[in-house]
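Descriptive analysis of the structure
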Amino acid sequence: MAKAKKWYQYLWIWSILYFALGFFNILFAWLGMIDFLLPLGFAIFGGNKLFCNSLCGRGQLFNVLGSKLRLSRNKTTPRALSSKWFRYGFLVFFLTMFGNMVFQTYLVASGAANLRQAVKLFWTFRVPWKWAYNPALLGDSLAWVAQFSYGFYSLMLTSTLIGLIVMVLYKPRSWCTFCPMGCMTQGICKIKASNLK
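These lines cover the structure that appears in this document, whether it is placed above or below. These numbers were taken from a predicted model, which means no experiment stands behind them.

What follows is about the overall build of the chain. Looking only at helices and strands, the chain features 8 helices and 2 strands. Put simply, the chain runs from its N terminus to its C terminus through helices and strands in the order α-α-α-α-α-α-β-β-α-α. Against the globule reference of 16 Å for 197 residues, the chain gives a C-alpha radius of gyration of 18 Å, in line with a compact fold. When burial is assessed residue by residue, the chain has 39% of its 197 residues classed as buried. Accessible area for the chain stands at about 11500 Å²; split by element, carbon and sulfur atoms hold 67% of it.

Written out as structure tokens, the structure reads:
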């Protein structure tokens, strides 16, 4: 008899819902901060990677698409992708892009730049996304909220697309070998474990 699934095994639906909501209203992109803060919280306060191992909706989505729907070639993930140099190099790149996004938000908040109603794919290709935000909702003084939403949605969408590409080419959860959040939480857990010795 098959075991009953636990509630957190359905969190892959959260990933689909997140992108669907952001497609129609970019302000929902802020919900993605949950996927940033929870893993760090578990690592800092619990000293574990519970989020990555059990609660990550994105990892579950890759598993559903790759394993259950058989969209993955299921080939061994190249060692280069899980090497320390690649993981930390990608983390630095990712944090640089995140920092740039925050800086663009600051520029809009300070009135030095206009709101760019576009999503950037792979940090390069601008895709107009004007239907997803009505400036009358927040007004000019809170345009930075929308600017952050566009930047964060771009970040989440791009990283998911990268994850989908490596899912198809290699094992379903190949993204997890170099995921920036996984890399950060692993580092935090190691520091906490060494401090306990």
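What follows continues from the structure just given.
Before going further, it helps to spend a moment on a positive patch on the surface. A surface patch of positive charge is lined by Arg116, Lys120, Arg126 and Lys130. Note on placement: Arg126 falls in strand S2 (residues 125–128).

On to the packing of helix H6 (residues 84–109) against helix H7 (residues 143–169). Remark: H6 packs on H7, axes separated minimally by 7 Å, with the N-to-C direction vectors making an angle of 160°. In terms of axis orientation, H6 runs roughly antiparallel to H7. The handedness of the crossing between H6 and H7 is right-handed. Two secondary-structure elements touch here, H6 through Phe90, Phe94, Phe98, Met101, Gln104, Thr105, Val108 and Ala109 and H7 through Ala143, Trp144, Gln147, Phe148, Gly151, Phe152, Leu155 and Ile162. Residue composition of the contact of H6 with H7, grouped by class: 12 nonpolar, 4 polar and no charged.

Moving on: unusual backbone geometry. One non-glycine residue, Arg70, lies in positive phi territory at about 55°. Structurally, Arg70 is set in the loop between helix H4 (57–68) and helix H5 (79–82). Despite not being glycine, Asn74 shows a phi value in the positive range, around 60°.

Burial in helix H1 (residues 12–24) covers these residues: Ser15, Tyr18, Phe19 and Gly22. Burial along H1 is one-sided: seen end-on, the buried residues are contained in an arc of 85°. Summarising the contacts, the buried residues of H1 are in contact with H4 and H7.

Summarising the element assignment, Gln104 is placed in helix H6. You can call Gln104 buried: its relative accessible area is 17%.

What counts, and at which threshold
- Residue indices follow the written sequence of each chain, beginning from 1 at its first position.
- Given that this is a predicted model, residues contribute local features only at a pLDDT of at least 70 and side-chain atom pairs are listed and counted only at 80 or more, while totals for whole chains, interfaces and linings are drawn from all residues.
- With hydrogens and water excluded, all non-hydrogen atoms of the structure serve as input to the side-chain values.
- Put simply, DSSP H or I for four residues or longer makes a helix, DSSP E for two residues or longer makes a strand, and each gets a number counted from the N terminus.
- As defined in this context, the radius of gyration uses C-alpha atoms, and a globule is described by 2.2 Å times the residue total to the power 0.38.
- Residue exposure (1.4 Å probe, protein chains only): buried if accessible area is under 20% of the type maximum, exposed if over 50%, otherwise partly exposed.
- Computed with the Shrake-Rupley method and a 1.4 Å probe, the accessible areas treat only the protein chains shown as cover for residues.
- Exposure above 30% relative accessible area and the absence of a salt bridge qualify a residue for a patch, where like charges join within 9 Å and nonpolar side chains (Val, Leu, Ile, Met, Phe, Trp, Tyr) within 5 Å.
- For salt bridges, the criterion is a side-chain nitrogen of Lys or Arg within 4 Å of an Asp or Glu carboxyl oxygen.
- Counting rule for charge: Lys and Arg are taken as positive, Asp and Glu as negative, and neither His nor the chain ends is counted.
- Taken as the charge location is NZ of Lys, CZ of Arg, CG of Asp or CD of Glu.
- The convention used is that axes are lines fitted to C-alpha atoms, helices contributing only their stretch in contact, and that angles between N-to-C directions extend from 0 to 180 degrees.
- What sets the label is the angle itself: under 35 degrees gives roughly parallel, over 145 gives roughly antiparallel, 65 to 115 gives roughly perpendicular, and the rest give oblique.
- Two helices cross in a left-handed way if the nearer one is turned anticlockwise from the farther one by less than a right angle. They cross in a right-handed way if the turn is clockwise.
- Working rule for contacts: check all heavy atoms of both residues, and any pair within 4.5 Å makes them a contact.
- Amino acids outside the nonpolar list (Ala, Val, Leu, Ile, Met, Phe, Trp, Tyr, Cys, Pro) and the charged list (Asp, Glu, Lys, Arg) are all regarded as polar, and Gly is one of them.
- By construction, the arc corresponds to the directions joining the helix axis to the C-beta atoms.

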